[in-house]
Amino acid sequence: MADPEDQTTEPLMRHVSYDRFGEPDVLQLGQSAVPEPGPGQVLVRVHGAGLNPIDWKTRRGLGFAARQIENSLPWTPGYDIAGEVVAVADDVTTLAPGDRVMGMIGFPAGGGGYADHAVANADEFAIVPEELDLVTAGALPLAALTAWQALFEVAKLEAGQKILIHAGAGGVGHFAVQFALERGAHVVATASAANRDFLAELGVHEVIDYRTTDVAEECYGLDVVLDLVGGETGMRSLHTLGEQGVLVTIPTVTADDIISAAEEMGLRAHGMTVRPDAFHLDEIAELIEDGDVRVHIDRAFPLAQAADAHELLEGGHVRGKLVLDCR
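Engineer: Got a minute to help me understand the overall build of the chain in this structure?
Structural biologist: Scanning the chain for helices and strands turns up 12 helices and 15 strands. A globule of 327 residues ought to have a C-alpha radius of gyration of about 20 Å, and the chain, at 20 Å, matches this closely. Along the longest, intermediate and shortest principal axes, the C-alpha atoms of the chain span 80 × 40 × 35 Å. Counting the 327 residues in the chain, one finds 54% classified as buried. A total accessible area of about 14,500 Å² is found for the chain, and carbon and sulfur atoms account for 47% of it. In the chain, the 21 positive side-chain charges and the 51 negative ones have mean positions that sit 6 Å from each other.

Okay, structure coming up:
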């Protein structure tokens with residue numbers, strides 16, 4: 001006769017969570033039952049989970065996402081995953097077990113990416129190009145979607161325009177410079193001297209060392225500024241715009257101040273919040289397939305070292321992206 005306990009044993013998965021806001025050490029590795037996909041959902045065996053600045057800000061209790069989860073801790077962070085579909089709900093016809101997928105999931109209150117399995121809505125996923133391994137693909141969705149939507153939906157960047165991208169070597173920045181170049185724009189980017197060669201390899205036309213040069217004295221008449229830094233950097237960048245130019249600022253903490261300052265100067269500035277969009281991810285995947293865009297991974301960490309990854313991420317000098325290897 002079978003042991004009754006054997007019949008009730010559920011398959012377990014590893015996941016990282018925190019039960020309070022705080023320093024990186026609040027991130028703890030634990031186990032829980034592998035979830036089952038609900039209506040419209042798929043279960044993914046996660047290979048790579050991307051890290052983004054919103055992750056550490058939320059962990060500290062800062063920003064709009066923290067307000068949405070503060071009463072539902074413990075919580076598993078992570079909005080970016082790539083992996084292999086292992087199960088689908090009965091009503092899902094677009095994906096099947098075995099598909100290699102990537103997506104921005106559970107944004108902003110769901111999360112769940114820092115795990116070796118995750119459930120998410122099928123319509124949040126795109127197919128991963130064969131040219132891209134699944135750990136690397138996990139670093140792509142949120143940062144690439146932020147760059148894509150900022151450039152083409154908000155700024156409406158066109159070929160021949162001149163754009164300044166702050167923090168061009170960072171997670172969002174290194175995608176933004178590649179998208180802008182592919183669109184045919186003249187790209188100027190700020191970075192530290194250590195990242196000058198990296199950006200030159202991506203094809204950036206001009207690199208400005210933000211530590212030694214004031215962009216307001218170096219640039220003028222710009223069509224677009226993508227501000228990934230915020231604060232005083234965003235404010236100073238308003239002086240680089242042409243009369244018809246537009247600045248898109250991503251950090252939410254200072255967005256209202258920058259937008260107000262732009263209005264006083266008779267200029268245009270907008271904030272934005274990224275949203276999941278599988279169609280945009282499909283377009284980005286095509287650029288990767290064609291060799292026009294690449295994902296740069298600064299470092300991959302095992303799932304158990306999520307706290308170390310957060311510490312590096314919070315330092316603010318990551319080239320490209322960090323990713324958790326959840327295999």
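Engineer: What is the right way to look at the pattern of salt bridges in this model?
Structural biologist: Side-chain pairs of opposite charge can arise whenever the charged atoms involved come near each other. In the structure shown here, the tally under the stated rule is 13 salt bridges. The salt bridge involving Arg60 is made with Glu23; its shortest N-O contact spans 3.1 Å. Highlighted residues: Arg60 in the loop between helix H2 (53–59) and helix H3 (63–69) and Glu23 in the loop between strand E1 (12–17) and strand E2 (28–33), separated in sequence by 37 residues. Judged by relative accessible area, Arg60 falls into the partly exposed class, the value being 33%. By relative accessible area, Glu23 is classed as partly exposed at 42%. As a salt-bridge pair, Arg236 and Asp214 come within 2.4 Å of each other at their nearest N and O atoms. Residue Arg236 is found in helix H9 (residues 231–237), and its partner Asp214 is found in the loop between strand E10 (206–209) and helix H8 (215–218); the two are separated by 22 residues along the sequence. Look at Asp214 and you get partly exposed, because its relative accessible area is 25%. Salt bridges here are not isolated pairs; linked through shared partners, they connect Glu23, Arg59, Arg60 and Glu314.

Engineer: What should I look at first to understand the layout of surface pockets in this one?
Structural biologist: The method is simple in principle: a probe with the dimensions of a water molecule rolls over the atoms, and the space it marks as empty is what remains. A volume near 310 Å³ is recorded for the second largest pocket. Around the second largest pocket, the lining is made up of 21 residues, and of these Thr76, Gly110, Gly111, Gly112 and Val119 lie nearest the centre. Only E1 and strand E6 (117–121) provide two or more residues apiece to the lining of the second largest pocket. Class assignment of the residues belonging to the lining of the second largest pocket gives a composition of 10 nonpolar, 10 polar and one charged.

Engineer: What's the story with unusual backbone geometry in this structure? I'm lost.
Structural biologist: The general pattern is negative phi for most residues beyond glycine and trans for most peptide bonds. Along the chain, Leu73 connects to Pro74 via a cis peptide bond; the corresponding omega equals 0 degrees. Of note, the amide linkage connecting Phe107 to Pro108 takes the cis form, showing an omega dihedral of 0 degrees. Mapped onto the secondary structure, Pro108 falls in the loop between strand E5 (100–104) and E6. The backbone of Lys156 sits at a positive phi, close to 55 degrees, despite the residue not being glycine. Structurally, the position occupied by Lys156 is in the loop between helix H5 (141–154) and strand E8 (162–165). The phi dihedral of Ala167 falls on the positive side, at around 55 degrees, and the residue is not glycine.

Engineer: Looking at this model, I keep getting lost on the sheet that holds strand E9 (residues 186–191). Mind explaining?
Structural biologist: Pairing between sheet strands relies on hydrogen bonds along the backbone, with the strands arranged either parallel or antiparallel. Taken in spatial order, the six strands make up an open sheet running E10-E9-E8-E11-E12-E13, and their pairing is parallel. The open sheet is flanked by E10 and strand E13 (268–271), the only strands paired with a single partner. Shown here is a sheet whose adjacent strand axes are inclined to one another by a mean of 15 degrees, direction ignored. Here E9 pairs with E10 via four bridges, running parallel. Bridge pairing links Ala189 to Val207 in E10.

Engineer: Before we go on, may I ask you to explain the packing of H5 against helix H6 (residues 171–183) in this structure?
Structural biologist: Angle between the axes and distance between the axes are the two parameters that describe a pair of packed helices. H6 packs onto H5 with a crossing angle of 45 degrees between their chain directions and a minimal axis gap of 8 Å. By the criterion of interaxial angle, the relationship of H5 to H6 is oblique. Both H5 and H6 take part in a crossing whose hand is right-handed. Along the contact surface, H5 presents Ala143, Ala144, Thr146, Ala147, Trp148, Leu151 and Phe152, while H6 presents Gly171, Val172, Phe175, Ala176, Phe179, Ala180 and Arg183.

Engineer: What exactly am I supposed to notice about the packing of H5 against helix H11 (residues 278–289) here?
Structural biologist: Between H5 and H11, the shortest axis-to-axis distance is 10 Å and the interhelical angle comes to 100 degrees. Taken together, H5 and H11 sit at an angle that is classed as roughly perpendicular. Each of Pro141, Ala144, Leu145, Trp148, Gln149 and Glu153 in H5 lies in contact with H11, whose residues at this interface are His280, Leu281, Glu283, Ile284 and Leu287. A per-class count over the contact of H5 with H11 returns seven nonpolar, two polar and two charged.

Engineer: In this structure, what is going on with the packing of aromatic side chains? I would like to understand it.
Structural biologist: Here the distance between the centres and the angle between the planes together describe a pair of aromatic rings. Within this structure, the stated rule accounts for eight aromatic pairs. Both rings, one in Phe175 and one in Phe179, keep their centres 6.1 Å apart while their planes meet at 20 degrees; by these two values the pair is stacked. You can see Phe175 and its partner Phe179 sitting in helix H6, four residues apart, about one turn around the helix. The same class applies to Phe175 as to Phe179, namely buried. One aromatic cluster is present, built from ring pairs that chain together Tyr18, Phe21, Phe64, Trp75, Tyr79 and Phe107. The ring of Phe152 carries the charged tip of Arg183 above its face, separated from the ring centre by 3.8 Å.

Reading guide: rules and limits
Residues numbered from 1 in each chain as written. Predicted model: local features only at pLDDT ≥ 70, side-chain atom pairs only at ≥ 80, totals over all residues. Heavy atoms only, no water. Helix = DSSP H or I, 4+ residues; strand = E, 2+ residues; numbered from the N terminus. Rg over C-alpha atoms; globule rule 2.2 N^0.38 Å. Buried < 20%, exposed > 50% of the residue type's maximum accessible area, 1.4 Å probe, protein only. Areas by Shrake-Rupley, 256 points an atom, 1.4 Å probe, with all protein chains shown as cover. Lys, Arg positive; Asp, Glu negative; His and termini not counted. Charge placed at Lys NZ, Arg CZ, Asp CG, Glu CD. Salt bridge = Lys/Arg side-chain N within 4 Å of Asp/Glu carboxyl O. 1 Å grid on protein atoms, 1.4 Å probe; cavity = no way out; pocket = protein on both sides within 12 Å on 5 of 7 lines; lining within 4 Å. Points joined across faces, edges and corners; volume = space filled by probe spheres on them. Nonpolar A, V, L, I, M, F, W, Y, C, P; charged D, E, K, R; others polar. Pairing = 2+ DSSP bridges. Axes fitted to C-alpha atoms, helices over the stretch in contact; angles between N-to-C directions. Parallel < 35°, antiparallel > 145°, perpendicular 65-115°, else oblique. Left-handed = near helix turned anticlockwise from the far one by under 90°. Contact = heavy atoms within 4.5 Å. Phe/Tyr/Trp six-rings, centres within 6.5 Å; stacked < 30°, edge-to-face > 60°. Lys NZ or Arg CZ within 6 Å of the ring centre and 35° of its normal.

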